[in-house]
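Residue strings, one per chain:
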Amino acid sequence: MLTIRLAAAACLTLLLALPANAFETQARAAYVYDVTTDTVLLDKNADMPIPPASMSKLMTINMLFEALRDDRVDMDTRFGVSTRAREMGGSTMFLNERDRPTVEELIQGIIVMSGNDACVVVAEGLAGSEASFARLMTERARDLGMSQTTLANASGWPHPDHRMSARDLGILATRLVTEFPDLYGYFSQKEFAFDNRAPQNRFNRNPLLGLGIGADGLKTGHTQEAGYGLVGSATQGDRRIVFVISGLDSERARADEAERLVSWAFRQFVQKTLLEEGERVVTADVWLGDRPQVDLVAANGASLLVPAMEQDGISAEARYVAPLRAPIAKGEEVGTLVVSMAGMPDAEVPLVAADAVAEGGFVPRMKLAASTLLGMAVDRARGGGESGETAVE
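Rules used in this analysis
Residues numbered from 1 in each chain as written. Predicted model: local features only at pLDDT ≥ 70, side-chain atom pairs only at ≥ 80, totals over all residues. Heavy atoms only, no water. Core = buried A, V, L, I, M, F, W, Y, C linked by side-chain atoms within 4.5 Å. Buried < 20%, exposed > 50% of the residue type's maximum accessible area, 1.4 Å probe, protein only. Helix = DSSP H or I, 4+ residues; strand = E, 2+ residues; numbered from the N terminus. Contact = heavy atoms within 4.5 Å. Polar contact = N/O pair within 3.5 Å; in protein donor to acceptor, adjacent residues only side chain to side chain. Salt bridge = Lys/Arg side-chain N within 4 Å of Asp/Glu carboxyl O. Phe/Tyr/Trp six-rings, centres within 6.5 Å; stacked < 30°, edge-to-face > 60°. Pairing = 2+ DSSP bridges. Axes fitted to C-alpha atoms, helices over the stretch in contact; angles between N-to-C directions.

A. Inspection of the nonpolar core at higher detail. Ranked by size, the top nonpolar core spans 60 residues in total, and within it Phe65 and Phe187 carry the most contacts. Broken down by secondary-structure element, the contributors of at least two residues to this core are strand 2 (29-34), helix 1 (57-69), helix 3 (103-111), helix 4 (116-127), helix 5 (130-143), helix 6 (166-179) and strand 6 (239-248). A per-element tally of this core places helix 1 first, with eight residues. With sequence-adjacent residues up to four places away left out, Phe65 is seen in contact with Ile107, Leu176, Phe180, Leu183 and Phe187. Membership of the second largest hydrophobic core comes to 27 residues, among which are Val306, Tyr320, Val334 and Met341.

B. Just unusual backbone geometry, in detail. Cis geometry marks the peptide bond from Gly217 to Leu218, where omega comes out at 10 degrees. Take Leu218: it is sitting in strand 4 (residues 215-223). Along the chain, Ala326 connects to Pro327 via a cis peptide bond; the corresponding omega equals 5 degrees. Note on placement: Pro327 falls in the loop between strand 12 (324-325) and strand 13 (333-341).

C. Region of interest: the environment of Glu279. As for its position among the elements, Glu279 is in the loop between strand 7 (269-275) and strand 8 (280-287). The spatial distance from the C-alpha of Glu279 to the C-alpha of Leu296 is 8.4 Å, given a sequence separation of 17 residues. With near-sequence residues (within four places) excluded, Glu279 lies in contact with Leu296, Val297 and Ala298. A polar atom in the side chain of Glu279 sits 2.9 Å from the backbone nitrogen of Glu276.

D. Here's a closer look at the pattern of salt bridges. Overall, the coordinates contain 17 salt bridges when judged by the stated rule. Notably, a salt bridge pairs Arg175 with Glu66, separated by 2.6 Å at the nearest N-O pair. Of this pair, Arg175 sits in helix 6 while Glu66 sits in helix 1, placing them 109 residues apart in sequence. For the pair Arg175 and Glu66, a shared accessibility class is recorded, and that class is buried. We note a salt bridge from Asp256 to Arg252, for which the minimum N-O separation is 3.0 Å. Of this pair, Asp256 and Arg252 both sit in helix 7 (residues 251-267), separated by four residues, roughly a single helical turn. A relative accessible area of 54% places Arg252 in the exposed class. Residues joined in a network through salt bridges with shared partners are Asp43, Asp47 and Arg167.

E. Representation of the packing of aromatic side chains within the structure. Counted according to the given criterion, the structure contains six aromatic pairs. When the centroid spacing of 6.4 Å and the interplanar angle of 75 degrees are considered together, the rings of Phe65 and Phe187 count as edge-to-face. Taken together, the positions of Phe65 in helix 1 and Phe187 in the loop between helix 6 and strand 4 put the pair 122 residues apart, joining distant regions of the chain. Both residues of the pair, Phe65 and Phe187, count as buried.

F. Representation of the sheet that holds strand 2. Within the open sheet, the five strands sit side by side as 3-2-6-5-4. Their pairing is antiparallel. Every other strand in the sheet has two partners, leaving strand 3 (39-44) and strand 4 as the edge strands with one partner each. For this sheet, the mean inter-axis angle between neighbouring strands, taken without regard to orientation, is 5 degrees. Inspection of the sheet shows strand 5 (residues 227-236) paired to strand 6 by eight bridges, in the antiparallel sense. Within strand 6, the position partnered with Tyr228 by the bridge is Leu248. Contacts from helix 7 reach strand 2, strand 3, strand 4, strand 5 and strand 6, with the element oriented near 150 degrees to strand 6.

Encoded structure:
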């Protein structure tokens, strides 16, 4: 049941987040974010810089996607392969100096085959050298709010200065999902072999693809220092989540933990619509306007996730400085609806004016002045008001 009460106050916007101990995970660091409702479902050491291994290849992909978006390259652009790229160990596309792979082939080589050589090719093709590319990626990460990210190379190859946090990886995954919907489909591609080479390395390592749980990305990672990790995303119904787990001790543990996490995120929470977009929340008084009141409505509606077993007991408080002062533009944000639920931080929804209110003319101002003076006179007659003053404009 939703109850609403009023208050005249100023307030700050908060991100809705659920208790960090809501899900017990064996991962050293974990982060789960519901994209649809802007809700953090799980935060375990999410801001701790960790070695991301191949999960940091997502930043290389982001830089390449941005180059495509900005028309600096297209899918048919071909890049040369240096000896440095060819000599990369670990997972590769088995490129050599005679090859001229296209951007599309490199995208698939990085996402599906986790090609370290492909990452170096992209770095050198976009920035001239891998070192320059790493600096550009770090700067771009800061621009995107990834404050715990410092990248030393394009592939995630072990390096003491190569670090990302689980939250930063979640921010990056959300960006790839939401900003590049036309390119995101490559993350669900199950196999790719460049020029029919390395058939044993052609399969996507994401263990969730094909399980029928809505998983459609993004990237696994593993080094001895980092353990086994996964940046994933999945959709069920109208909801999408992204998640990050890192520091697991085997491929099997990574696969089991990821599947269990997806199941928990979708089955233990219910999306509840409290207000539709434009729905009236309260009628506010207006000071010196051409009308005495204006409706305040939810700017974008109000929808949040609640634990499946605790759907009742939600309350909401409309906060604004009363009375509102004219002029007021239609759609102007003038207050906040603070939604509260036991055991969870508050969530906030902007309240905007449903209609414009112009400044009142001479007659409304005179009526207001007369009403104010009359009130003062009544107060004095009742023995009050000697020490107070009321300003009338």
